[in-house]
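Given next are the chains, with one letter for each unit.
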Amino acid sequence: MSGDEPKKGKGTVFVRAEVCKGCSYCIDFCPTHSLEFSREFNAKGYHYPTLARPEDCTGCDLCGLYCPDFAIYGVRWKDIEEKRQKAAQVAKASE
Amino acid sequence: MSGDEPKKGKGTVFVRAEVCKGCSYCIDFCPTHSLEFSREFNAKGYHYPTLARPEDCTGCDLCGLYCPDFAIYGVRWKDIEEKRQKAAQVAKASE
Amino acid sequence: MAKTEIRVGGLGGQGVILCASIIGKCASIYEGKHATLIQAFGPEARGSACSAQVTVSEDEIGYPYVKNPDILVLMSQDAYTQFIPQLKPGGLVLYEEELVSIDGKLPKGAKAVGIPATRFAEELGRRLVLNIVMVGFFAGATNLVSWESVEKAVKSSVPKGTEDLNLKALKKGYDYGKEQAGN
Amino acid sequence: MAKTEIRVGGLGGQGVILCASIIGKCASIYEGKHATLIQAFGPEARGSACSAQVTVSEDEIGYPYVKNPDILVLMSQDAYTQFIPQLKPGGLVLYEEELVSIDGKLPKGAKAVGIPATRFAEELGRRLVLNIVMVGFFAGATNLVSWESVEKAVKSSVPKGTEDLNLKALKKGYDYGKEQAGN
Amino acid sequence: MSEEMGLEMEQDLERECALENPVLPYLRQDRIPHIWCPGCGIGTTVNCFARALTESGMNMDDIAIVSGIGCTGRVAGYLNLDSFHTTHGRAIPFATGLKLANPHMKVVVYSGDGDLSAIGGNHLLHAARRNMDLMVVCVNNFTYGMTGGQVAPTTPTGPTQTTMPYGNFESSFNLPALASACGAVYVARWTVYHVRQLAKAMREGLQKKGFVFIEALSPCPTLYSRRNRLGDGVDQVKYYKERSIVKNGADTKDVGLTYQGDIVVGKFVDRERPTWMDSMNEHFTKVLGNKFTPYGVENGQD
Amino acid sequence: MSEEMGLEMEQDLERECALENPVLPYLRQDRIPHIWCPGCGIGTTVNCFARALTESGMNMDDIAIVSGIGCTGRVAGYLNLDSFHTTHGRAIPFATGLKLANPHMKVVVYSGDGDLSAIGGNHLLHAARRNMDLMVVCVNNFTYGMTGGQVAPTTPTGPTQTTMPYGNFESSFNLPALASACGAVYVARWTVYHVRQLAKAMREGLQKKGFVFIEALSPCPTLYSRRNRLGDGVDQVKYYKERSIVKNGADTKDVGLTYQGDIVVGKFVDRERPTWMDSMNEHFTKVLGNKFTPYGVENGQD
Amino acid sequence: MQADPKGVLTGIHFMDGDHAACEGALAAGCRFVAGYPITPSTEIVERFAARIPTVGGVFIQMEDELAASIAIQGGAWGGKKVMSVSSGPGISLMMEHLGYAFITETPSVWVNVQRGGPSTGLPTQPAQADMMQAKWGSHGDFEVIALAPNSPQECFDLMITAFNLTETWRVPVMFMMDEVVGHMTERVEIPPPEKIEVVDRKWTTKKPGEYKPFETTPEDPVPFMTKAGDGHRIHVTGLTHDERGYPAMTVPAQDKLVKRLVYKIRDNADKIVDVREDGVEGADVIVVSYGITSRVAMAAVEQARAKGIKVGHLRMVICWPFPAKRIKELAKKVKAFVVPEINLGQMVLEVERHVAGVAKVLHVGHAGGTVHEPDVILEKIMEAVR
Amino acid sequence: MQADPKGVLTGIHFMDGDHAACEGALAAGCRFVAGYPITPSTEIVERFAARIPTVGGVFIQMEDELAASIAIQGGAWGGKKVMSVSSGPGISLMMEHLGYAFITETPSVWVNVQRGGPSTGLPTQPAQADMMQAKWGSHGDFEVIALAPNSPQECFDLMITAFNLTETWRVPVMFMMDEVVGHMTERVEIPPPEKIEVVDRKWTTKKPGEYKPFETTPEDPVPFMTKAGDGHRIHVTGLTHDERGYPAMTVPAQDKLVKRLVYKIRDNADKIVDVREDGVEGADVIVVSYGITSRVAMAAVEQARAKGIKVGHLRMVICWPFPAKRIKELAKKVKAFVVPEINLGQMVLEVERHVAGVAKVLHVGHAGGTVHEPDVILEKIMEAVR
Ligand SMILES: Cc1ncc(C[n+]2csc(CCOP(=O)(O)OP(=O)(O)O)c2C)c(N)n1
Ligand SMILES: Cc1ncc(C[n+]2csc(CCOP(=O)(O)OP(=O)(O)O)c2C)c(N)n1
Ligand code: SF4
Ligand code: SF4
Ligand code: SF4
Ligand code: SF4
Ligand code: SF4
Ligand code: SF4
Ligand SMILES: [Mg+2]
Ligand SMILES: [Mg+2]
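Notes on the structure follow. (Residues numbered from 1 in each chain as written. Chains lettered and ligands numbered in written order. Predicted model: local features only at pLDDT ≥ 70, side-chain atom pairs only at ≥ 80, totals over all residues. Heavy atoms only, no water.)

A few points about the relation of the copies chain G and chain H
Our working rule: The atoms used to superpose the copies are C-alpha atoms, taken from residues with pLDDT of at least 70 in both, and the fit is least squares. Contact criterion: two residues are considered in contact whenever any of their non-hydrogen atoms come within 4.5 Å of each other.
Rotating chain G by 180° and moving it 0.0 Å along the rotation axis overlays it on chain H with an RMSD of 0.0 Å. Read as a symmetry element, the transformation amounts to a two-fold axis. Looking at chain G, 100% of its interface residues are interface residues in chain H too, so the copies touch through the same face.

Brief notes about the interface of chain G and chain H
Often, the extent of an interface is quoted as the loss of accessible area on bringing the components together. Defined as follows: The term buried area refers to how much accessible surface (probe radius 1.4 Å) is lost by two components on association, counted for both of them together. When a carboxyl oxygen of Asp or Glu lies within 4 Å of a side-chain nitrogen of Lys or Arg, that pair is called a salt bridge.
Contacts between chain G and chain H engage 58 residues on the former and 58 residues on the latter. Both sides together, the interface formed by chain G and chain H hides about 4900 Å², and carbon and sulfur atoms give 62% of it. Considering only the surface of chain G that becomes buried against chain H, Trp136(G), His139(G) and Leu344(G) emerge as the three largest contributors, covering 16% of it. Remark: the boundary between chain G and chain H carries two salt bridges.

Focus: the site of ligand 8
Here is the rule we go by: A cutoff of 4 Å decides nearness: a residue is near a molecule or strand if any of its heavy atoms lies inside that distance of it. Nonpolar residues are Ala, Val, Leu, Ile, Met, Phe, Trp, Tyr, Cys and Pro. Charged residues are Asp, Glu, Lys and Arg, and all others, Gly as well, are polar.
In the vicinity of ligand 8 lie 10 residues, with Cys37(F), Cys40(F), Cys71(F), Asn141(F) and Cys220(F) positioned nearest. Residue classes in the shell around ligand 8 are distributed as seven nonpolar, two polar and one charged.

Some words on the coordination of the magnesium ion (ligand 9)
All names here are of chain E. The cut-off we apply is this: For Na, K and Ca the donor cut-off is 3.2 Å, and for all other metals it is 2.8 Å, counting N, O and S atoms only; because water is absent from this set, sites may look incomplete. Runs of H or I in DSSP of at least four residues are treated as helices and runs of E of at least two as strands, each being numbered from the N terminus.
In this structure, Asp113 (OD), Asn141 (OD1) and Thr143 (O) serve as the protein donors to the magnesium ion (ligand 9), at separations of 2.0 to 2.1 Å. Of note, the magnesium ion (ligand 9) draws all its donor residues from one chain, in the sequence arrangement D-x27-N-x1-T. On the criterion of sequence distance, the pair formed by Asp113 in helix α5 (residues 113-119) and Thr143 in the loop between β4 (134-140) and α7 (175-182) is long-range, its members being 30 residues apart.

A look at the site of ligand 1
Put simply, the rule reads: Between N or O atoms, a polar contact is any pair within 3.5 Å; within protein, one atom must be a potential hydrogen donor and the other a potential acceptor, and residues adjacent in sequence are included only when both atoms are from side chains. Note on areas: these come from Shrake-Rupley sampling with a 1.4 Å probe, and a residue is covered only by the protein chains present in the view.
Around ligand 1, the structure places 24 residues, and the nearest of them are Cys71(E), Thr72(E), Asp113(E), Asp115(E) and Glu65(H). One finds residues of chains E, G and H in close proximity to ligand 1. The contact in question runs from an oxygen atom of ligand 1 to an N or O atom on the backbone of Thr143(E), over 3.0 Å. In the model, an oxygen atom of ligand 1 is placed 2.8 Å from a nitrogen or oxygen of the Gly145(E) main chain. The fraction of the free accessible surface of ligand 1 (590 Å²) that becomes covered by protein chains is 98%. Breaking the shell around ligand 1 down by element, the ones donating at least two residues are α5 of chain E together with α4 (88-93) of chain H. Tallied by class, residues from the shell around ligand 1 come to 10 nonpolar, 10 polar and four charged.

Here's the deal with the pattern of salt bridges
Per the counting criterion, the structure on display carries 125 salt bridges over all chains. Across the salt bridge formed by Lys253(E) and Asp251(E), the nearest N and O atoms sit 3.2 Å from each other. Of the charged contacts, one joins Lys200(F) and Glu204(F) as a salt bridge, the two residues approaching to 3.7 Å between their closest N and O atoms. Taken together, the positions of Lys200(F) and Glu204(F), both in helix α8 (residues 195-207) and four residues apart, correspond to about one turn of that helix. Within this structure, Lys200(E), Glu204(E), Lys208(E), Lys267(E), Asp270(E) and Glu272(E) form a network of salt bridges that share partners.

This is the structure in structure tokens:
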């Protein structure tokens, strides 16, 4: 999922596994079918989503819009890069 | 208004002047314009309707249907005669 | 404890309440007395009888209703029939003489003074000022309130633009009242 | 005043309430004791934790809640964490051993007995009868109610047509309970 | 012949021939005269209702009337039927209970526009949705009569009312559209000018099964027309006469009313839909089989 | 790479780049996790609302949210806005008071179908009639969630609910038709499948002046779909996906819903009509002249 | 009269209070319920909805509590025994119609499964803080009868009493449960129908024309009733009315009507009151309690007795009318009364008023959400004897 | 703070109580009223509707009293001083929202122009039979402040007090008029604005983030307030809540919240209570009265004094909180209290309770429709000294 991964799509997702309730909205309605349930359970006993096919993820955040528990969201790498640079600048400025 | 009147139409009206509130519904909506206000007042101070043109009254009882105070109704002479006969028979029978 | 109890009665549309209200206002605001006005409410009153009660007193008024009026101001026969039994012995009846006819039911010592108020009002050009004629008549016939006070009370109670007409009506009634009551 | 207080805890969907209810029914109707069942309600409970309290007593039950249970019947780790601090010293914990792991927090003298109830239920063909396995386990391990009573209680509590399966589940749990508890 | 002499002769004739105003048998005569003002149209609607009762041929013991509070709400008290003068806005749910408890009764709700569409609006909606077997007569005088002429949800934009002292700036309801949108099976509007049509609508309403809504426009001279210089009751009825346009079957969304504008009248809706109780009976019979005995039909009633 | 390792790396990246779920700034994070069940659609509608807020570009201090009682009613408590969790059915009149007292606020009512159309039905009608400047989001899950799944006026004929234990035999409301019949200026229906369209409708609603009614169909797995063997939340959303037919501008009387039948979605009504307050201001200015200062516009507001 | 067997689920059940209350209503002959869901009362109507189709009768879920509370009155005048069910917020909405039931003398049972208040408060947790509302919540002078069961068994038994009382006195009867009693499951024994005594409506035997629906005699302040459709052509109104039911808006009519209605209960309080006493004779302290609290109180009383304190227990099964006479009598004999209730002081005010300074009155208040700990009651008992 | 001149109709007027009440509200700064017509209260809102466009503010006639009584609360949180107005049946419908105002501490004035009850009763005639409802009509434990004016002048004066109290204590204030006071016309003097002391809302001065909307200190149990739009992003709920306003459905939260709310009034009763005494020192009998009845009572008191009876008069200008302390003190000094009221026994119950047997308490009841005859009060005074 990080930049070093061999298969990287246009975007990625971030999951707060501990608040996920395993409803499967994100998985079923991801337009690129990029997500799958984890094999593992979270503390509440639910399977949570993982990015099974990162190469397909567009970062469209439809999963985020669907997730009733605010447990996942998608971002474009482009935007991540932008933010990373901004964050870096800010870090520098405040040094 | 009684049968002896020279000008007699097809019907006539009966007025309970004391409950009339002078609203003029009967007068304004009589299809044959047979009614007019009395010159006199009733106890409540209202003019009540009188059959000004008995020759025109059809006994249609539209005035009765209009009157919000149940103070007037119209009857056909035909029906009055029928009732009169019935009443007479009853009176006889019970003698 | 000088206290005068007044009942004004008539029909809806005659301005009964305004009549009573001007009397009360006059006493309370322009004569420095205490005055309490109570008007009859009620769905049963709808479109028919209408009446108001005014108590005028030198002292504070506790019990607010008028049960046995000293003065009756009457503008309909119905009101006459209804209220005459309540009149105090020696009381005064002020009545519109074309709308009310006085029969033998007046209590002991009571006095009745009539006025053709409707006719006066019509002469002034508006039947509606009947009630103001009655106010003037009341003031003139009773001396309970002064001309100055009642003039002010009327002025401040009638719609703007109608003051002149109403004051004429008031004067007409007032003079007639003075004359009839021999005040 | 022989009184046993029981807390059953687990997740919504595991049949926690029915489990507690059968225990209570069994004691109250088939064993002639007094039993009071209280279930936790609340929107905050929505879809997550679920628990019930049963008091079984020879005498009438006044105070209806269970504050310090003698026996805990646990079907989830959450329930374990929540309820273990309430357990009476010397109390008994009956737990689904695949869903709950016992750590060192047991109070003094307390005993914990586990059962692979889910697996048993699955072996019987329906995961759903987990709660009935637990009922049987409870009966077998505690001797608080007799086999005859609990059998009747289950029969009269489960949907028509599922009696056989449920009785099998009950028996499985019961036997395992007897064995584990050394009864 | 003087007018008084004429009246005396009339009375003789009435007695002799046992004549009677046909509305009288439907009234509690010991409560007449009623409280309504001169020129108030409510009494006229009562005549129409009496006519409808006669023409329906129904047994008056089988008809109950339920009113809310208001001038119109007093109708229940004047009619010689089992009659219930309930609380403001709640005639429909009371009637619902009455109907469900005693299904063989025909239950009529007779109340004012404020009662039925302001405070009682929700019950109107839901009874229509359920197709509760009730006939609702709404006397719409565009105002709250009983309390002295406040703005009602039916007051058109424009006229002055005590709580809209500078003229009403709110929009008003189109009641037939509302009733129809919620599922009423019979919806009509007439005015007190249309006495025969109103009586006929009421008769049809009595004979119809399901939720019937009849709006009857009626003058309130005391608080609406006189206050707005529209004259007396009769002037208002003349306005109804002049500006009414009969459009049976009109789309209810086109029958909204404006201040002294055109009035579309007619029978707008007449359709079939199972009533709440029929649905219940049918459904339970289907699901429960002979464990269920259809309700309210045991004695051949309903 | 194990799943857990993946999660950790994500968290590092989030921190490093100051990434955040775009819904979070709109939430009171100290109240999350929320009480809603797994697969409940209410949270999804909240995402859409957050998106609409972002896209509207409005100042969040100028937006208030008012809820009634119910699962949906809890929305107010989770949103980081001035928020009011009122009484059952009364969100609209509370919102009316809030709006009229502080006209520069945009006031959003967010509540359940039972709250808004059962006990609160009357207020819906009247606010729509008045064209009160409110945006109403009605999360319709066909049931009373909070109280455990009783029949609602929106429950289609058919499914079982605790107070319709043998299946619902009542007819249900067509809410868009109701809102439209009463005068709403913007009426739309979407489902939680239609997240983008719903967000857009909400954004348009926020920017619209007057009474806006948006119905959002949403699964209640716990009490509606599972009880009726329709599967979980996600199955219900799949049903929305499969059976929804987009018909913008559809006549609202044709958009009634049946049990698991077709669902017409879209923006049905978008029209102009002066709001209650605009009407008031205009009217008083006309009648009272400069004795009257238009209300709520003093500070260039509204 | 004996219960209609169709409604009676004879047997021994493990049942919660809400369900038992429903069974009580069915056994009592209730055949029309209009309701609106609200926690923690909903189970009562849910069960009614499930049971009634095979018993014969109707359940309808109305659009709100206003509708439910007036629909049942339509139902009563349609001839059925009726009930509505709610809790805090819903009960508050019913207050106008409670007054209507009172002035029209409509037999009706009003169930309030009390939860924590005020307002939305604690929807799923208990309280006893609507006791004064039951007595005073509607405008004008009125009276009710209010019962307070303390177990599922009593929810069944007392519900039958509630129906019998409303039919006997033609006054609305409040059935004051609470969340604990409603949601607690215990053994409930339902006797066979022939063992259940139910009071039939007080039907008139007069003929149309002779019958006046609100006519009473000095000996019997409760008028006979009829139903719509029986040919009596009755009029019923919430206005002040005369014996015919006609509006009579005069001071004497008001005096006659409202006094009759109020005093038919006040004067007959002795016949209605129901207290259960335990060891009150010779006691130094008496604990006065009702509803769920009576069970906790009993636990405290037992603990106190174990400590040698002479403590009695008086439990009000019927809270309204208040057992004034009995409290007055007992006041002369004891040092103190201890009144635990899950509120910040309601029925204790009545105890105080009737004790009238003759003994101490100590309240054990509780803001709600759970029942008292027996300990806090025990402490007050001990304080009382000090 | 001084009154906003825009709302003050300075001068001497001949005005009825309903109109004077409206002028009082305007002078007090009320700028939002939501109402629904009902006799005999409607004139208040009618006048408000006519006056407000030129004063600045809004009147809206809602679809019912449920709506009116919650709309004003929206109005209050929108920043306005607010009032609703009704009578008997309408007030009963407002009971749920009275509780909401209490638990959310929403400043609001609730006018009840009392008419004959119960139910529709006598719509155009007076009563004082909603006094207990004002205190107990909503579910759960709650408190109100209730004032009872006895003249149009007081309708004006006390209305300002009512607004000041609701802003000071953040508790709903009931303004208990009656039909006579409402419809009686007398001289009303409205002072210039600078002579009218009004209490401003207790606005927070804290910044967003620092401010907790329901936070209080032990010294001051009344939280500071804000309004929607001021950036505080508050949450307000009818559920039991914590200082942030967040739902907190636990027993301790309930205990903390409800006790604070209830005791902020009970503990400060001394600061709120207002009684007017006349000749109570050295009296054998004290007449305790309120509202319109206080005027009739005074007439009776004067008659009694003329007969040589030592009789005092204590008039409750504020009925709730009840002047318990003062009644207790006086009880020790007199033979009896005579309590006339236009109901069948309401405030007299509180008198009885606090007198606690130390003196006689005689009620002079009246079913409503008119005021007492002074004679019947006089008779009871004479009975009391016998
Ligand atoms: C709960 C309640 N609120 C208000 C009232 C006062 N009230 C009585 S009748 C009425 C309105 C009547 O208007 P409408 O229904 O149109 O009948 P109308 O008098 O015009 O025939 C109102 C507001 C009441 N009786 N009860
Ligand atoms: C006056 C009143 N009556 C009843 C209730 C109980 N109640 C709470 S929420 C609710 C219904 C909720 O249904 P809905 O509005 O559809 O919201 P959902 O939970 O489905 O989102 C009911 C009946 C209440 N709180 N107040
Ligand atoms: S961001 Fe878009 S593509 Fe990526 S997982 Fe989420 S929904 Fe699928
Ligand atoms: S949508 Fe959210 S809650 Fe549902 S499975 Fe995906 S991450 Fe979990
Ligand atoms: S009966 Fe017909 S024709 Fe005769 S007066 Fe009446 S309306 Fe006219
Ligand atoms: S319609 Fe009736 S009340 Fe009107 S004038 Fe004619 S008779 Fe009189
Ligand atoms: S006030 Fe209006 S509606 Fe009422 S009786 Fe008079 S005219 Fe008719
Ligand atoms: S009960 Fe239904 S609506 Fe409520 S949170 Fe659960 S799924 Fe959602
Ligand atoms: Mg009307
Ligand atoms: Mg819902």
